[in-house]
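# Examining the three-dimensional arrangement
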Amino acid sequence: MKSYRNSITTLLFILFSVQIFAQTLPDTSKQLNEVIIRAHFSDQPLLKSTSSIGILNPTLLQKKPEQSLVPAFNSIPGIRMEERSPGSYRLSIRGSLLRSPFGIRNIKMYLDEYALTDAGGNTYLNLLDASTLNGITILKGPEASIFGANTGGVVLIDPHKTRDSSLISAGITAGSYGLFHQKVSVKKQWKKYEFNFNQAYQGSDGYRENSALKRNYANLSQKWQYAKKSQLRSTILFSDLDYETPGGLTKAQAEKDPRMARTATAMFPGAVDQQAGIQNKTWFGGVLNESQLSPTIRHVISFFGATTNFKNPFITNYEERSENSGGIRTFLEHTIKRNKFHLTSNLGMESQSTRSEIENHDNIFGKKGNLQSHDKLNALQTFYFAHVSANIGNRLTAETGLSLNRYSYTYNTIAPVMTPKAKKQFDLQWMPRFALSYLFRENISGRVSVSKGYSPPTLAEVRASDNVINTDLQAETGWNYETGLRLNSSNNRIFIDLSVFDFRLQNAIVRRLNENDTEYFINAGGTRQRGLEAQVVQWIIFPNPEKFIRSLQLRNGVTLSNFIFDD
């Protein structure tokens, strides 16, 4: 019966994949224009950028499956994204997965101009629906000088699906293993006001036993151009995510039946018995004001926050978390233009607070049992930053940045024994970055950079599944040395991007397991992470909407990594 249902859903996928548009799609030939990015504060050509960057533009995202971000992210050299089960993302940028058995840590993420990563260092990327995103920019390597605590990199997400003035679109996708994905997008722009609404639902049974997924997602964003060079933007999203976790198998079990869930042992019941899974209900919102105070001065300020209700029936316990976060990010930008000299200076700060209340109970076949532990942890993260970028003679780009990072958390136990509130204060950290890019010819550029990264332990590492608050964990720090080369052929047919880096990390945080399968984290000395990344993009057939084959592009990526513990 199940194979019959899979056949039906596959047939539905072929016959009823629907797209309804109020306007025709934009001419894809625009891709051949010079690629412009916003990696830091202002738009700049990719060829002149001083950073190693991966770009997932709207066209590339549209060509990937709508139900997951994994294929899109894995098309970028140096990036590895995994799904332990549908909806359970793990993301590694240049080896940052070392400390992330699940979830996303050590990487800073922004949705528009709002920090999606909370003060405790956690990011719920799986709450977003891939089909509603317009583009993603990935900055590889430490970018702590202007984005705060990270050693892995930064991900900047553009949630605005289309640039058209008016749009109504809907789509349905169905596939094997019970996959069903539905989406609706509405956009309307008046003279000074813009309205965007996206709604999506996704469900699937999963390939393995106990790996079903359900997600309801809605996002509303607005923009008001209240003055000629000033605008007010806002966004609010709700995501209700529920997915099952099948657990790990031994080699013998995987060879016997790779679709089975983790089975019961002499000590613990299995994943199906315990109804192992994740339930996450999150509201996230933000408001931003951008004003051009004068021809040379721009001011941006944003406020953002989130509230999360998180439940995790696991093999050994039933965890519930209540999380509330709030933050502010603001900066002033000053621009000077003199003939072939262009100087941009930014000065700002970002501050976040996350309050977490965590309870662990016995798991009685998916139901809460007796209370095991009850703790409260509050994280506070603040950093001040300065950034200067100079374009000299249309060829040389020089950038320098510096941030001062402050991180602390407070904690106290409510049960089984109440303890007084205590505080862990980390040392102040200066995070500098120096970078140069030089345009040797109109289509060839080289770059070098030196940057320092900083990443304190996340709340999920301080208080891991062993339910012990580990105040001995220290922050990771490290220096990254990098050089690279970009080439864009004169006819725009071939683009090559090459990077070589050497990252030296201290106090690396790694995972350990107790005998009862609960985890804890330790600082395991230093690592030496050296690598080479290369990407070649070639147009076999240039975009032309009037031809039967509208375009054909070949993309190749190479990642060579040599990561070792050096002590």
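Everything in this summary refers to the structure shown in the same document.

The rules we used
- Residues numbered from 1 in each chain as written.
- Predicted model: local features only at pLDDT ≥ 70, side-chain atom pairs only at ≥ 80, totals over all residues.
- Heavy atoms only, no water.
- Helix = DSSP H or I, 4+ residues; strand = E, 2+ residues; numbered from the N terminus.
- Rg over C-alpha atoms; globule rule 2.2 N^0.38 Å.
- Buried < 20%, exposed > 50% of the residue type's maximum accessible area, 1.4 Å probe, protein only.
- Contact = heavy atoms within 4.5 Å.
- Areas by Shrake-Rupley, 256 points an atom, 1.4 Å probe, with all protein chains shown as cover.
- Lys, Arg positive; Asp, Glu negative; His and termini not counted.
- Charge placed at Lys NZ, Arg CZ, Asp CG, Glu CD.
- Pairing = 2+ DSSP bridges.
- Phe/Tyr/Trp six-rings, centres within 6.5 Å; stacked < 30°, edge-to-face > 60°.
- Lys NZ or Arg CZ within 6 Å of the ring centre and 35° of its normal.
- Patch = residues over 30% accessible without salt bridge, like charges linked within 9 Å, V, L, I, M, F, W, Y side chains within 5 Å.
- Salt bridge = Lys/Arg side-chain N within 4 Å of Asp/Glu carboxyl O.
- 1 Å grid on protein atoms, 1.4 Å probe; cavity = no way out; pocket = protein on both sides within 12 Å on 5 of 7 lines; lining within 4 Å.
- Points joined across faces, edges and corners; volume = space filled by probe spheres on them.
- Nonpolar A, V, L, I, M, F, W, Y, C, P; charged D, E, K, R; others polar.

The next thing to look at is the overall build of the protein. Along the protein, the regular secondary structure elements total six helices and 30 strands. Since a compact globule built from 567 residues should have a radius of gyration of about 24 Å, the 24 Å found for the protein is in line with a globular shape. The buried share of the protein, reckoned over its 567 residues, is 51%. A separation threshold of at least 6 residues defines the contact pool for the protein, and within that pool the share at least 24 residues apart is 63%. Working note: accessible area of the protein is about 26,100 Å², and carbon and sulfur atoms make up 57% of it. Separation between the mean location of the 65 positive side-chain charges and that of the 49 negative ones in the protein comes to 7 Å.

What follows covers unusual backbone geometry. The omega torsion of the bond from A415 to P416 falls at 10°, within 30 degrees of zero and hence cis. In this structure, N106 takes a positive phi of about 70° despite not being glycine. Secondary-structure assignment places N106 in the loop between strand 6 (89–93) and strand 7 (107–111). We note that D112 has phi near 60°; this positive angle belongs to a residue other than glycine. Looking at the element boundaries, D112 is found in the loop between strand 7 and strand 8 (114–115). On the basis of relative accessibility, which here comes to 18%, the residue D112 falls in the buried class.

Pairing in this open sheet of five strands is mixed, and the strands run 4-9-10-7-8 from one edge to the other. This sheet does not close on itself; its edge strands, each paired only once, are strand 4 (52–56) and strand 8. In this sheet, strand 10 (residues 153–158) lies alongside strand 7 in parallel orientation, the contact comprising five bridges. Looking across to strand 10, one finds that K108 is bridged to V154.

Our next topic: the side chain of D129. Take D129: it is sitting in the loop between strand 8 and strand 9 (135–140). Residue contacts for D129: discarding those within four places in its chain leaves H181, A200, Q202, R215 and Y217.

Aromatic rings in a pair are described by how distant their centres are and how their planes are angled relative to each other. Counted by the stated rule, this structure contains 12 aromatic pairs. Centre to centre, the rings of W224 and Y226 are 5.4 Å apart; their planes meet at 50°, and the pair counts as tilted. For W224, a relative accessible area of 44% corresponds to the partly exposed category. An aromatic cluster is present here, built from Y407, Y409, Y411 and F426 joined pairwise through their rings. Sitting over the face of the ring of F501, R94 holds its NZ or CZ atom 4.0 Å from the ring centroid. Directly above the ring of Y207 sits R259, whose terminal nitrogen or CZ lies 4.9 Å from the centroid.

Residues Y438, F440, L485, L498 and V500 make up a contiguous nonpolar surface patch of about 410 Å² in total accessible area. Relative to the helices and strands, L498 resides in strand 26 (residues 494–506).

Turning our attention to empty space enclosed by the protein. Applying the stated rule across the entire model yields six cavities of 30 Å³ or more. Around the largest cavity, the lining comprises 22 residues; the ones closest to its centre are L116, D118, Y124, F284 and A306. Only strand 16 (277–294), strand 17 (297–313) and strand 18 (318–338) provide two or more residues apiece to the lining of the largest cavity. Among the residues forming the lining of the largest cavity, the class breakdown is nine nonpolar, 11 polar and two charged.

If you walk through the whole model with that rule in mind, you get 31 salt bridges. In this structure, K281 and D240 form a salt bridge, with 3.8 Å as the shortest nitrogen-oxygen distance. Taken together, the residues K281 in strand 16 and D240 in strand 15 (residues 230–244) connect sequence positions 41 residues apart. Residue class for K281 comes out partly exposed when judged on its relative accessible area of 38%. The closest approach of N and O atoms between R298 and E290, which form a salt bridge, is 3.1 Å.

When strand 12 (residues 180–189) meets strand 13 (residues 193–204), the two strands line up antiparallel, connected through 10 bridges. Among the inter-strand pairings, K187 is bridged to a residue of strand 13, identified as N196. Taking the residues that link successive antiparallel strands as the turn, the strand 12-strand 13 hairpin has three residues. Two elements, strand 13 and strand 14 (residues 213–227), share 12 bridges in a ladder whose sense is antiparallel. In the sheet register, E194 faces strand 14, and the bridge partner there is K223.

A few words now on the environment of T477. Here T477 is to be found in strand 25 (residues 476–488). According to the relative accessible area criterion, T477 is buried, its value standing at 17%. Along the chain, T477 and P86 lie 391 residues apart, while their C-alpha atoms are 33 Å from each other. Residue contacts for T477: discarding those within four places in its chain leaves Q429, K452, G453, Y454, R504, L505 and Q506.

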